[in-house]
Amino acid sequence: MQRKYPQRSKKMAESRSKTGGVTVNGAPVLKPETKIDPEKDVVALQGKQLFYSSFVGLMFHKPAGCVTATQDRCQKTVMDYIDHPRKKDVFPVGRLDLDTEGLLFLINDGDLSHRMLSPRHHVPKTYEAQIAGEVTKEDVQAFEEGVDIGEKKKTLPAQLEILEVNAGETPTSQIRLTICEGKFHQVKRMFEAVGVTVVYLKRLSMGSLKLDETLATGDSRALTQEELECLKES
Ligand code: URA
């Protein structure tokens, strides 16, 4: 099986040729603007063959104040943060609210995006949140059974974990929640349904892929080969 190097694009091979070591069909490339046919030409860097992958997948640590869209007239969008030679090809998989932080994927494969977001596939998404109000064991039970957020049906069973409760006159709670749906403002509406308010929300994981915590807020990086495979499986 051929190994793929998704981040090693044609452009990258072209730019490396400035410093030498790139060959096309065995011949050294001397001009960075040399055109190649990725289907036919054999490109190598210092003797190692490079494989062009048409798939682009990025992990992005979305900051608050960034719209999950590719363009917007008023707000910064995810595109303002992405620095990748093929950024024009990618789009966000699903949405996070303007004030939500955390894991967002950007890919260039519409079918894969559709599969990841399809309600039929129930891809689990885990969030961490700060809540104004006291989250109780009864809420844990209610989320397990499904709550009424004003849709035709109750929400699907969701796993709520209470991490910390600061009791007092104005109690606050810290929680972790895993849901298998992606309705509009779903997490915020679920907490509203039990009488408390989300004041901070961050997505930690989607399917089996976790946010790389070494990725600073606002940064992105190419998905590794292993992550790509997990993404396709989820
Ligand atoms: N649920 C919400 O309420 N907001 C998000 O951004 C994601 C899930």
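Above this text you will find the structure in question.
Here the structure is a predicted model, which is why all the values come from computation and not from measurement. Each chain carries its own residue numbering, running from 1 in the direction its sequence is written. Thresholds applied to this predicted model are a pLDDT of at least 70 for local features of residues and 80 or more for the giving and counting of side-chain atom pairs; totals over whole chains, interfaces and linings are not thresholded and use all residues. Only hydrogens and water are set aside; all other atoms, that is, all heavy atoms of the structure, feed into the side-chain values.

So, the side chain of Lys62
At step 1: Each helix corresponds to a stretch of at least 4 residues labelled H or I by DSSP, and each strand to a stretch of at least 2 residues labelled E; elements are numbered beginning at the N terminus. Summarising the element assignment, Lys62 is placed in strand E5 (residues 57-62).
At step 2: For every residue, the accessible area (1.4 Å probe, protein chains only) is compared with the maximum for its type, and the residue is labelled buried under 20%, exposed over 50%, or partly exposed between those bounds. Only four residue types enter the charge count: Lys and Arg as positive, Asp and Glu as negative, with His and the chain ends excluded. A pair is scored as a salt bridge if a Lys or Arg side-chain nitrogen falls within 4 Å of a carboxyl oxygen belonging to Asp or Glu. With no salt bridge to any partner, buried Lys62 finds its closest opposite charge in Asp99, at an N-O distance of 6.7 Å.
At step 3: By definition in these notes, contact holds between two residues if any of their heavy atoms fall within 4.5 Å. Those residues in contact with Lys62 that lie beyond four places of it in its chain are Thr68, Leu96, Asp97, Leu98, Thr100, Glu101, Gly102, Leu104 and Thr217.

Side note on the nonpolar core
At step 1: If you look at the biggest cluster of nonpolar residues, it comprises 29 residues, and the most contacted ones within it are Leu177 and Phe191.
At step 2: Put simply, the parts of the chain that give this core at least two residues each are E5, strand E9 (101-107), strand E10 (125-132), strand E12 (172-179), helix H4 (186-193) and strand E13 (197-206).
At step 3: Other than its neighbours up to four places away in sequence, Leu177 contacts Lys125, Thr126, Tyr127, Phe143, Ala158, Gln159, Leu160, Val187, Met190 and Phe191.
At step 4: Nine residue types can take part in a nonpolar core, namely buried Ala, Val, Leu, Ile, Met, Phe, Trp, Tyr and Cys, and a core is a set of them joined through side-chain atoms within 4.5 Å. Leu103, Met206, Leu211 and Leu215 belong to the second largest nonpolar core, which has 16 residues in total.

Let's talk about the pattern of salt bridges
Here the idea is simple: oppositely charged side chains can pair when their charged atoms come close.
At step 1: The final tally for this structure, using the stated rule, is 10 salt bridges.
At step 2: The shortest N-O distance in the salt bridge between Asp99 and Lys188 comes to 2.7 Å. Here Lys188 lies in helix H4 and Asp99 lies in the loop between strand E8 (91-92) and E9, a separation of 89 residues in the sequence.
At step 3: For Lys188, a relative accessible area of 17% gives the class buried.
At step 4: Linking Lys202 and Glu213 is a salt bridge whose minimum nitrogen-to-oxygen distance equals 3.5 Å. In this pair, Lys202 is assigned in strand E13 and Glu213 in the loop between strand E14 (209-210) and strand E15 (220-222), connecting sequence segments 11 residues apart.
At step 5: Counted as one network, the salt bridges with shared partners bring together Asp97, Asp99 and Lys188.

Considering the packing of aromatic side chains
At step 1: Aromatic contacts are taken between Phe, Tyr and Trp rings whose centres are within 6.5 Å, Trp giving its six-membered ring; a plane angle under 30 degrees counts as stacked, one over 60 as edge-to-face, and the others as tilted. According to the stated counting rule, one finds two aromatic pairs in the structure shown.
At step 2: For the pair Phe60 and Tyr81, a centre-to-centre distance of 5.7 Å together with 45° between the ring planes defines the contact as tilted. Here Phe60 is found in strand E5, whereas its partner Tyr81 is found in the loop between strand E7 (76-77) and E8, with 21 residues between them in sequence.
At step 3: Since its relative accessible area comes to 0%, Phe60 is described here as buried.
At step 4: Tyr81 sits in the partly exposed class, given a relative accessible area of 22%.
At step 5: By definition, being over a ring means that NZ of Lys or CZ of Arg is both within 6 Å of the ring centre and within 35 degrees of the ring normal. Directly above the aromatic system of Phe55 lies the positively charged group of Lys232, at a separation of 4.7 Å from the ring centroid.

That's the geometry; what it means functionally is another story.
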